[in-house]
Amino acid sequence: MGDACNADRELGGAFMPRFDKQGLLIAIALDSQSKDVLMVAYMDEEALARTRETGLAHFHSRSRGKLWLKGETSGHFLRVEEIRVDCDQDALTLFVKPEGPACHTGARSCFYRKLEGDALVRIEG
């Protein structure tokens, strides 16, 4: 039964998200126009359901242990245009239209530095 379920999950057309032991899966937010990675976060069942219902990216805050609507306090929402699911359905890519910076630091993306040797160098102004 496990192999059949895995085959359905990996090759079939049914959405069967595979949450980890903590009830989470990885969600990668990409700018739908530039395809730049904006942020990586986690979703639980509730966050995934709210994202699908509202079209706004919701995540599970591991530090606060609760649902988190991206932009709830900053106003920098991520409007979800498309959700893609990886082969074994334990990770999602969210193609989004950002309404302001995605990073809590004010950077457009959380990935605003690159590693050069042992130093982090800012890659955007």
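Being a predicted model, the structure only gives us computed values, none of them experimental. Within each chain, residues carry numbers counting from 1 in the order of the written sequence. Local features in this predicted model are restricted to residues whose pLDDT is 70 or higher, and side-chain atom pairs enter the listing and the counts only when it is 80 or higher, whereas totals over whole chains, interfaces and linings include all residues. Side-chain figures throughout are based on the complete set of non-hydrogen atoms in the structure, without hydrogens or water.

(A) Broad picture of the nonpolar core. We call a set of buried Ala, Val, Leu, Ile, Met, Phe, Trp, Tyr and Cys residues a nonpolar core when their side-chain atoms join them within 4.5 Å. Categorising residues by exposure relies on relative accessible area from a 1.4 Å probe, with only protein chains included: less than 20% of the type maximum marks a residue as buried, more than 50% marks it as exposed, and the intermediate range marks it as partly exposed. Counting residues in hydrophobic clusters, the biggest one holds 17 residues, and the most contacted among them are Met43, Phe59, Leu78, Leu94 and Val96. Going through the elements one at a time, β1 (25-31), β2 (37-43), α2 (45-54), β5 (78-85) and β6 (91-98) are the ones with two or more residues in this core. Numbering of helices and strands runs from the N terminus, with a helix taken as a DSSP run of H or I at least four residues long and a strand as a DSSP run of E at least two residues long. When residues in this core are grouped by element, the largest group, four residues, is from β2. The contacts of leucine 78, once residues within four sequence positions are left out, are Ala29, Leu38, Met39, Gly55, Leu56, Ala57, Phe59, Lys70, Val96, Lys97 and Pro98. In this description, contact between two residues means that some pair of their heavy atoms is separated by no more than 4.5 Å.

(B) Inspection of the sheet that holds β5 at higher detail. Strands are treated as partners if at least two bridges between them are detected by DSSP. Spatial ordering of the open sheet is given by β2-β1-β6-β5, a layout of four strands whose pairing is mixed. Unpaired on one side and paired on the other, β2 and β5 mark the two borders of the sheet. Averaged over neighbouring strand pairs, the angle between their axes works out to 25° when direction is ignored. Lines fitted to C-alpha atoms define the axes here, with helix axes fitted over just the stretch in contact, and angles between the N-to-C directions of these axes take values from 0 to 180 degrees.

(C) Representation of the environment of serine 61 in the model. Secondary-structure assignment places serine 61 in strand β3 (residues 58-61). Measuring from C-alpha to C-alpha, the distance between serine 61 and tyrosine 42 comes to 7.3 Å, with 19 residues separating the pair along the chain. Those residues in contact with serine 61 that lie beyond four places of it in its chain are Lys66 and Trp68. Within the structure, the side chain of serine 61 is placed 3.3 Å from the side chain of serine 63, a separation counted as a polar contact. N or O atoms within 3.5 Å of each other form a polar contact, as long as, within protein, one can give a hydrogen and the other can take it, and as long as residues adjacent in sequence are counted only when both atoms are side-chain atoms.

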